[in-house]
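Fold and geometry: a report
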Amino acid sequence: MDTTKIINEKEIMELLEKGKKYSKNEILNIIEKSRDCFGITFEEAAALLQIEDDELLEKMFDAARYIKEKIYGNRIVVFAPLYTSNECTNNCLYCGFRSANKELHRRTLSADEVVKEAKAIEAQGHKRILMVCGEDERKTDIEHIVNSVKAVYENVDIRRINVNSAPMTVEDFKKLKKVGIGTYQIFQETYHRETYKKMHPSGSKSDYDWRLTALDRAFEAGIDDLGIGVLLGLYDYKFDVLATLIHSDYLDNKYHVGPHTISIPRLRPAFNSALSEVPYPVSDHDLKKIVAVYRIAVPYTGIILSTRESAKLRDELLELGVSQISAGSKTNPGGYEEDDSEATQFETSDERSVDEVIRVAVNQGHLPSFCTACYRAKRTGEAFMELAKDAHIHEFCHPNAILTFKEYLLDHASTQTKDEGEKLIERELNKIVDRKIKDETIQRLERIEKGERDLYF
Ligand code: SAM
Ligand code: SF4
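Each value, and the rule that gives it
- Residues numbered from 1 in each chain as written.
- Chains lettered and ligands numbered in written order.
- Predicted model: local features only at pLDDT ≥ 70, side-chain atom pairs only at ≥ 80, totals over all residues.
- Heavy atoms only, no water.
- Helix = DSSP H or I, 4+ residues; strand = E, 2+ residues; numbered from the N terminus.
- Buried < 20%, exposed > 50% of the residue type's maximum accessible area, 1.4 Å probe, protein only.
- Contact = heavy atoms within 4.5 Å.
- Polar contact = N/O pair within 3.5 Å; in protein donor to acceptor, adjacent residues only side chain to side chain.
- Near = heavy atom within 4 Å.
- Areas by Shrake-Rupley, 256 points an atom, 1.4 Å probe, with all protein chains shown as cover.
- Nonpolar A, V, L, I, M, F, W, Y, C, P; charged D, E, K, R; others polar.
- Disulfide = S-S within 2.5 Å.
- Pairing = 2+ DSSP bridges.
- Right-handed = clockwise from strand over helix to strand, strands pointing away.
- Core = buried A, V, L, I, M, F, W, Y, C linked by side-chain atoms within 4.5 Å.
- Salt bridge = Lys/Arg side-chain N within 4 Å of Asp/Glu carboxyl O.
- Expected span 1.5 Å × (residues − 1).
- Arc of directions from axis to C-beta.
- Phe/Tyr/Trp six-rings, centres within 6.5 Å; stacked < 30°, edge-to-face > 60°.
- Lys NZ or Arg CZ within 6 Å of the ring centre and 35° of its normal.

Description of the environment of Asn-162
Looking at the element boundaries, Asn-162 is found in strand S3 (residues 160–164). Among the residues examined, Asn-162 registers a relative accessible area of 8% and is labelled buried. When the C-alpha atoms of Asn-162 and Ile-304 are compared, they prove to be 12 Å apart, with 142 residues separating the residues in sequence. What Asn-162 contacts, discounting residues up to four positions off in sequence, is Arg-128, Ile-129, Leu-130, Met-131, Gly-182 and Thr-183. Here the side chain of Asn-162 touches Thr-183 through a polar contact of 2.7 Å, landing on its backbone nitrogen.

This is the structure in structure tokens:
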């Protein structure tokens, strides 16, 4: 099938209409069935997205929590964004970087400056970066992205770099693949064509289909670790969440690998945004529902949450199914060195330090993970999904989370976080059932204590 045809708006509207007609009992059945972790149909997702009854919502949240625990255990992967440039020739109405924002302090980092930022991020304890790029052919072209990635890998103990950038040609994606990125991430923003057109009035981003087909080109170039999402608030979230699931399913059928992650960015105020209000507001309550539906519908797909959301809500969303969070983030190029509110893409909400985020997560019983092993051990794409679906991935991820968390505690944590973290590690070790893996993990923890780093399964 031609990718540009996968989103049929009429069909999505019909699914939502059918979803509305489900009885309470039918919805309870879907929720019950979802606990098998096989996912659900689009129509069933449409029904769950429209639950308003509190009792049913609670049941759905319970199922989402159960699936999260079953597949991911209590691990939470932690990362930080690194903005390489805020120069942009597009004019996305919602974004601080849009070309019409003449007051924005524009800046494109040199390779040395990117390295400085990465070092500042690493100093907070991160090992995983999401490189975020503007879109200006003259300044932030593929060479700039590739050089930035290379410079960080060569000079900083950052072990995985994911990239969020404009769509590119297969040739350019090959360059990205060659430099060893983790996930390539791109948000469709909205799958609703008319809204897309309104929100992206000029520049190359106004081409909906070029964006929609980006992941096919990435795949053709050999990148099998892909991230998708919509910018919540631009259009009816029910439509866009269903469309995201349809896109995900399409990729899964076509390439035998669904997206590795789905992000849930919600529209934030941005410096000189052209939008005076959020076109389709998404409440906190809606966002919880969205996370639960994604968790139930695509149990093996990671869900990424950024610091766009408040500390309190983030803590709740972790329980419901989020598997990766950013922490201590800045959204302007050079932001870890120097804050400049007139250079940022949007306002963040969770302003806590990495240490604070980690401590709260630990107190809630989560195990923070700085693991980057899978893609370095070539467990990506189909290979990753097979392991994940057999639940074997647990055997690697859990001890790897413990080992990388130990590094964090030794190298970066405050005394309080360290005390609480060490207790958590003790509890986590007791959960490892396989005797050999447990012994090996204990030995490796001792080696880390003695100064070795980057030990993984
Ligand atoms: N420039 C590239 C692009 O647009 O695809 C890549 C990076 S862009 C800086 C990353 C994402 O930020 C966008 O895909 C969009 O979803 C999100 N974003 C833009 N403005 C935002 C805002 N005001 N609030 C929240 N997220 C926003
Ligand atoms: Fe540019 Fe991306 Fe912002 Fe659009 S969302 S203005 S393409 S940086």
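Picking up after the structure, the text goes on.
Observations concerning the site of ligand 1
By nearness alone, 19 residues border ligand 1, and Tyr-94, Glu-189, Lys-205, Arg-211 and Gln-345 come closest of all. For ligand 1, an oxygen atom lies 2.6 Å from a polar atom in the side chain of Glu-189. The protein chains hide 97% of the 560 Å² of surface that ligand 1 would expose on its own. Residues belonging to the shell around ligand 1 are distributed by class as follows: ten nonpolar, three polar and six charged.

With respect to the state of the cysteines
Considering all chains together, one arrives at zero disulfides under this definition. Of all cysteine sulfurs, the one in Cys-374 lies closest to Cys-397, which takes part in no disulfide; the gap is 5.0 Å. Given the relative accessible area of 15%, Cys-397 is considered buried.

Details of the pairing of strand S7 (residues 302–305)
Of the two faces of S7, the one holding Gly-302 and Ile-304 and the one holding Ile-303 and Leu-305 are both buried throughout. In this sheet, S7 lies alongside strand S6 (residues 261–263) in parallel orientation, the contact comprising three bridges. The residue of S7 that forms the bridge with Thr-261 is Gly-302. With helix H12 (residues 284–297) bridging S6 and its parallel neighbour S7, the resulting β-α-β unit is right-handed. Read from S7 through helix H13 (residues 311–320) to strand S8 (residues 324–326), the crossover connection turns out right-handed.

So, the nonpolar core
Judged by nonpolar contacts, the single largest core of 125 residues is most densely connected at Leu-48, Met-60, Leu-176, Tyr-184, Ile-264 and Phe-405. Among the elements that make up this core, the one with the highest residue count is helix H11 (residues 237–255) (ten residues).

Points about helix H14 (residues 354–363)
Most of H14 is tucked away: seven of the ten residues are buried. Looking at H14, one finds that the buried residues are Val-354, Asp-355, Val-357, Ile-358, Arg-359, Ala-361 and Val-362.

Quick notes on the pairing of S3
Extensive coverage of S3 is indicated by the burial of five of its five residues. When strand S2 (residues 128–132) meets S3, the two strands line up parallel, connected through five bridges. Of the residues in S3, the one forming a bridge with Ile-129 is Ile-161. As a crossover connection, the stretch from S2 through helix H6 (residues 142–155) into S3 is right-handed. As defined by bridge partners, S3 adjoins strand S4 (residues 184–185) across two bridges and the pair is classed as parallel.

Looking at the site of ligand 2
Close to ligand 2 lie Cys-88, Asn-90, Cys-92, Cys-95, Phe-97, Arg-98 and Lys-205, which account for all nearby residues. Here the shell around ligand 2 is composed, by residue class, of four nonpolar, one polar and two charged.

Focus on the pattern of salt bridges
Pairs can form between side chains of opposite charge whenever their charged atoms are close. Using the criterion set out here, one finds 42 salt bridges in the structure. Put simply, Lys-33 and Glu-44 hold a salt bridge, and the shortest N to O gap is 2.9 Å. Of this pair, Lys-33 sits in helix H2 (residues 24–34) while Glu-44 sits in helix H3 (residues 42–49), placing them eleven residues apart in sequence. Classification of Lys-33 by relative accessible area gives partly exposed; the value is 38%.

Quick notes on helix H18 (residues 415–431)
Between the first and last C-alpha of H18 there are 25 Å, a value that for 17 residues agrees with the 24 Å anticipated at 1.5 Å per step. The complete set of buried residues in H18 reads Thr-417, Gly-421, Leu-424, Ile-425, Glu-428 and Leu-429. One side of H18 holds all its buried residues, which, seen down the axis, span an arc of 140°. Along H18, the residues that are exposed and aim more than 90 degrees away from the buried face are Thr-415, Lys-423, Glu-426 and Asn-430.

Some details on the packing of aromatic side chains
What the rule picks out here adds up to eight aromatic pairs. Between the aromatic rings of Phe-173 and Tyr-184, the centroid separation amounts to 4.8 Å while the plane-to-plane angle is 75°, which identifies the pairing as edge-to-face. Of this pair, Phe-173 sits in helix H7 (residues 170–178) while Tyr-184 sits in strand S4, and the two are eleven residues apart along the sequence. With respect to burial, Phe-173 and Tyr-184 carry one shared label: buried. Pairing Tyr-196 with Tyr-208 gives two aromatic rings, centres 5.2 Å apart and planes at 85°, and the pair type is edge-to-face. Within this pair, whereas Tyr-196 is found in helix H8 (residues 193–199), its partner Tyr-208 is found in helix H9 (residues 208–212), the two being separated by twelve residues in sequence. Assigned by exposure class, Tyr-196 and Tyr-208 land together as buried. Ring pairs connect the aromatic residues Tyr-235, Phe-239 and Tyr-280, which therefore count as one cluster. Sitting above the plane of the Tyr-66 ring, Arg-35 keeps its charged end 4.9 Å from the centroid.

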